[in-house]
Every structure is written in C-alpha cells, then in structure tokens.
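Fold and geometry: a report
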Amino acid sequence: RSLQVRAHPLPWLCCGLLPHQPPRLGRMAEEEAETLVEEEETPPEEGVPSPAADAPPGETDAGPSTETAALGGPDDGGDTMADTMADTSFQAGADESILHSTDAPAGSVSIDFVILPEGYGQTKVVDVTRTIGQIRVELENELSIPENSLFLMNLSGAAEFRELLPDERMMMDFGVKAGDRVGIELRINYYQEQPAEDYVMPDTLELRVSDAHGTEKVVTVHVQRPVAEKPYMGGFRNKQSGSTFHHAITQTAPLQKKEIHSIRFHREVQTYQYRTRSTQCKKDNGTQMPKTGLFVDTANDFELLPRKPYFSSADKSALVLEKCVVIQCHARGMVARRRANQLRKERNERLELQAKEAERRQLEADLRHKREVERRMHPKTFEDFNVLYKELEAWRLNEANRIAKSGFDEAARRAAQRELLHKETKLLQTIDKLKIQAHTQNRDAKIKKKLESMANPKVWAQCDGETTTVHTPYTTRAKELMDLYSGLRLPLLTVDERLDVLLHVKWTVKEFDCNLTREVVDLIDREADMLNRGRPEKSFVGLRRRLANLFLQFIESPEFNPEAMKFQKVSRQLYDQTGTHPLSTVPIKALGQA
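A brief report on the enclosed structure follows. The structure displayed is predicted, hence computed values, not measured ones.

1. As for the packing of aromatic side chains
Counted under the stated rule, the structure contains six aromatic pairs. With a centroid separation of 5.2 Å and 25° between ring planes, the pair formed by Phe 236 and Phe 245 is classed as stacked. Phe 236 sits in the partly exposed class, given a relative accessible area of 49%. Put simply, the rings of Phe 512, Phe 551, Phe 554 and Phe 560 touch in pairs and so form one group of aromatic residues. The ring of Phe 174 carries Arg 169 above its face, with NZ or CZ at 4.3 Å from the centroid. Above the face of the Phe 385 ring, Lys 435 is positioned so that its terminal group lies 5.8 Å from the ring centre.

2. Points about a nonpolar patch on the surface
Taken together, the side chains of Leu 207, Val 209, Val 219 and Val 221 define a hydrophobic patch exposed on the protein surface, amounting to about 260 Å² of accessible area. Contributing elements (two or more residues each) for the nonpolar patch: β8 (204-210) and β9 (216-222).

3. Remarks on the sheet that holds strand β3 (residues 120-127)
If you trace the five strands from one edge of the open sheet to the other, you get β3-β2-β6-β4-β5, paired in mixed fashion. Each of the sheet's edge strands pairs with one partner strand only, and the pair in question is β3 and β5 (161-164). With direction set aside, neighbouring strand axes in the sheet form an average angle of 25°. Contacts from helix α5 (residues 132-143) reach β2 (108-115), β3, β4 (150-157) and β6 (181-188), with the element oriented near 120° to β4.

4. Section: unusual backbone geometry
Positive phi values are uncommon outside glycine, yet Ser 144 reaches one of about 55°. The topology assignment puts Ser 144 in the loop between α5 and β4. Judged by its relative accessible area of 38%, Ser 144 is partly exposed. Non-glycine residue Leu 492 carries a positive phi angle of around 55°.

5. So, the nonpolar core
Grouped together as the largest cluster of nonpolar side chains are 33 residues, with contacts concentrated most on Tyr 485, Val 505 and Phe 551. Those elements that provide at least two residues to this core are α9 (410-455), α10 (473-489), α11 (495-509), α12 (515-533) and α13 (541-555). In terms of residue count, the dominant contributor to this core is α13 (eight residues). With sequence-adjacent residues up to four places away left out, Val 505 is seen in contact with Leu 484, Leu 488, Ile 524 and Phe 551.

6. Section: the pattern of salt bridges
When their charged atoms lie close together, side chains carrying opposite charge are able to pair. Here the structure, examined in full by the defined rule, presents 34 salt bridges. Residues Asp 167 and Arg 136 are paired through a salt bridge, measuring 3.3 Å at the closest nitrogen-oxygen approach. Within this pair, whereas Asp 167 is found in the loop between β5 and β6, its partner Arg 136 is found in helix α5, the two being separated by 31 residues in sequence. Put simply, Arg 518 and Asp 513 hold a salt bridge, and the shortest N to O gap is 3.0 Å. Overall, Asp 513 belongs to the partly exposed group, its relative accessible area being 48%. Members of the salt-bridge network, linked through shared partners, are Arg 371, Glu 372, Arg 375, Arg 376, Asp 384 and Glu 391.

Rules and cut-offs
- Residues numbered from 1 in each chain as written.
- Predicted model: local features only at pLDDT ≥ 70, side-chain atom pairs only at ≥ 80, totals over all residues.
- Heavy atoms only, no water.
- Phe/Tyr/Trp six-rings, centres within 6.5 Å; stacked < 30°, edge-to-face > 60°.
- Buried < 20%, exposed > 50% of the residue type's maximum accessible area, 1.4 Å probe, protein only.
- Lys NZ or Arg CZ within 6 Å of the ring centre and 35° of its normal.
- Patch = residues over 30% accessible without salt bridge, like charges linked within 9 Å, V, L, I, M, F, W, Y side chains within 5 Å.
- Areas by Shrake-Rupley, 256 points an atom, 1.4 Å probe, with all protein chains shown as cover.
- Salt bridge = Lys/Arg side-chain N within 4 Å of Asp/Glu carboxyl O.
- Helix = DSSP H or I, 4+ residues; strand = E, 2+ residues; numbered from the N terminus.
- Pairing = 2+ DSSP bridges.
- Axes fitted to C-alpha atoms, helices over the stretch in contact; angles between N-to-C directions.
- Contact = heavy atoms within 4.5 Å.
- Core = buried A, V, L, I, M, F, W, Y, C linked by side-chain atoms within 4.5 Å.

Structure, rendered in structure tokens:
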C-alpha cells in the first residue's frame, strides 16, 4: 500500500482571483462582527473608560463611522459583511487588501493568516480570549480538511513566537492586546491513501515442497498465460467469514512431442549412379570335353601363363601389415609434431611472460627510485619531509660516530664537529626553503582545484544510464570569476594586457559596495598608476599578491559567488562579515576613511 502526501484543495484560496464569490470564511467573520456591534451598543459601566476617550482628538469621531462602514449599516442587508470581506481580504500576498488594526473593535485582534508554501493570505478579526485550538478547529472546518492536519506557527507582528503555537494557550497569553495586528503562518499536511495496484502474477513461481522424509525442496513452476478469458462459472460465499469463492477449472497443458526425423535415405542412393548397358561378345566361344564318340583336335592348342606370379592371401596380409606400419609411423609423427609445437608454444609464452614480468618489475623499480629521488629533490607532503629529516638525522649520527672513532686529537675533533654542525645547519635551511616552496605550490593547486569544482557544470543521471550536463547561472558566474583570477596570476604580461585584466576585475567587483570591494578597487587603481609610471616588475610583487588574495576572498564569499556556499566548512553566521557585507559602511583605515 502506497501513501502519498497531497495538499488538500483550499476552497477559499482562489477568492483573490474571483472576488465576486463570497467565501465561506466570511460567515464566521460576520457573526463575530455582529457580536462586536452588540457589545459596542451596550452602554459602558460606570468607572470604566470607553475606548473613544483614550483615542486622539482626530480619531474620536471617525471611530464609530469607520466601524459602521466596515460592518455594514442597517439598510445594507445581511450580506454586507460577507461581500465587504470578499472584496477586500481575498487577494494573495497584497497588503492593501487586508483590514487595518484601527478597524478591529475593542477586545479583538486582527490576524493575517498566510498559507505556506503557496503564499495565500487572509485577515480575520478574532477575540483575544480565543484559544489556538478553537481557531485551528474553525479553520479546519471551513477549509474542509481532516482534523489535526492544520498547524499554526511563527507568530509575528505585535508579539513574537517562533515555534508551533500550543492549542491550550489563548491569544492574550502571547502578549497580544486588543486592537493589535499579528501574523500567523498556516501549514497543511496530511496523508491520503492511494489505491493498491492490480496484482500481476509473475512468469515463474517458486514453491517449497516437503517430501515423505520431511526434506524441503524448491520447485520452480512456469506460469502459462491464458490465451482467452476464463468464463465465469459461479461460486458461493461463506456466511461465517464473508469470503467469496469462485468455481474454476484447469487443464494441464498438452505435452509437446519431440519432432523425430526418420532416416529417409541410404548410402547407395546417394553415392551410386546406375546405368543400364547391354554387351555382346565378338565371337561365340565354347568348350567341349572329349568323350566316347567325340574326337577333339588338340593340334593347335597352347597354354597361357600369367604375366605375374600368383598373389596369395598370405602375401596380401603381409602387404596390409606393411602399409599399416607406414600409416602408423606417419600418424605417430603427426601427433609428436603437434605435441612438440604445443610444448614449444607454451615455452615461448612462458618466456615472454617472464620477460614482461621482469620488465614490469624493472619499470616499477625505476619509477620507485625516480619517485624517491623526486621526493627528496622536490618534497611536497608531510611524509616527504619526514623522510628528509630521518635521513639527515641518520647522516648526522653516522658522521658523529666516524669523528668519535677517527682518533683525532682534541683540536681536530672540535674542528670536524664544527664543520659537521655547519653542514647540518645548511641542510636544515635548505629543507625549510623546500617547505616554503611546497606550501606555495600546494596552496596554488588547492585553490585551482576548488575554483574548477565551483565552475564545473551540474551532471544529472537519467533513467537510461546517460548523463546530462547543465550549466546553471551560478556555475557560469563561478567560471567567469575563475578566469579573472587566473588572469590576475598570469606572469609576463604586457602593460596593455595587464591593464585590460585589471579593468575587467574592477568592473566585476564594483557591482557590490563593501569594504572588501573598495580595497580591491583601490589596489587596482594603485597598480594601474604604477604601470603608467613605468615601475619595474619587482616592485609589483607584494601588491599583486595582495590583490590576488583579496580577489580570492571575493570569489569564496557566497554573497558575491553563490556557488561558493557549497564549499563553506564553517557556517556563515560564525564569520565576521563586516568586510564582505554588501551594506557595510565600516571605514577602512588603510584607505584613509577613518
């Protein structure tokens, strides 16, 4: 079940757009106004001063006429109050459309209700003795919203209360007096239940089935979607539980027979081609054996001998064996050559892998050695300087032991120690210089990375895996400021190019008037004057460094660069903003304003 927060439609929020339709809220205001008129017509008791007696002379006569005009005369009918409030109080965000505190009768207070975050407003006259709970219940009934879904908070005006207003307290408990004018914020929040989505059966179901031995196993059941709608076959309802059961039928899907291909061909049909041919011998021949009564002439007979000797079955077996041995020799040779090639390939791959691994280790060793040399030549991190200090201390101890064991006399030993101390001092001074240089480089790199992070466009991920790059006005502003800062730090510029950069920076900072921008403008004018006088480059070092630092402070201030708000490590309320506040008028002694 999904829950969704929705703002209830407010029937009287659109009255500012439709002033001729009387709002529902005017009914309660009309009843309160009639009650106040009755109280006003009642003569005051003795000893109780009337409100008109304390009013100024110019307002004594105007009070009753003003209230009569606001509440309606006897000839205006019963809808005068509702029409007046519908024409005057239902316009969102306009101060001219709400009642003035001078129109509130004695014992009541004018309350400006503002609904957030829409910003719609309405003014009501409420008695100071009414509790917050009563006011909240009446507003919920008129707005047609669920109970306890309206919150009244942040009382402002004649009295201040910056939290949720308690229901049991009255208006007068907050220090509100009769005739005052206050404002209260309204927030509406309640949950509306969304209907559940229709159930869709998955393609597969996993069922846990227990066998006779009590062992559970998971059976996957594939769901076959129905081709057509199943007919309604009636059912029954259980009177005790109220559950409804429908008749249903099911049928197991027929087995899919495997397609068996029978062999419909044989080898002879596919390989042989038959032809029909008739043959006839050139001469009819025959044989005849001599017998009794038959004489066969053998004078011209002769014997035919075979050209080759007779090839017996033993000879055939010997020939088959010989040819088999030859085939076997060739087959074994082929297998041996394949095996040799495979072993040779594996050996080459192993040697190549070993060579690559040795080359990689050598490259890593070279890079490591280069890194170690670079760490000692140009240290940047805290660990690099720790390595230098440890090596310096090891070198000093080694030299001190060498001097102590050298066997020098007292004078030579003192001289060697003085030389060692002199060398150690020089090395420490060199390390300190490297520290200053590394600090400058690290600071420049950190500033560059921070400015690039401010100027980078926003990257939004889409549902299809792609990304969208968006340049916002804040990132565009940060990119322009980063370019100006880079221009200020560029060396070896001509006079015209430097003046052009200074002019663009001056135009940028003069959009805001504060102590920081005044000081930046003063430094720019001073550098421009020195450039026109032809001063040497070394005289600009301190001035340009100070100008770059002030402009960097300008970039890192969210008042001038809104994108810098995301990179603030400390809340802006904890900063002393007298120098960067846009309305700051604190004089600066360095500019001669004190």
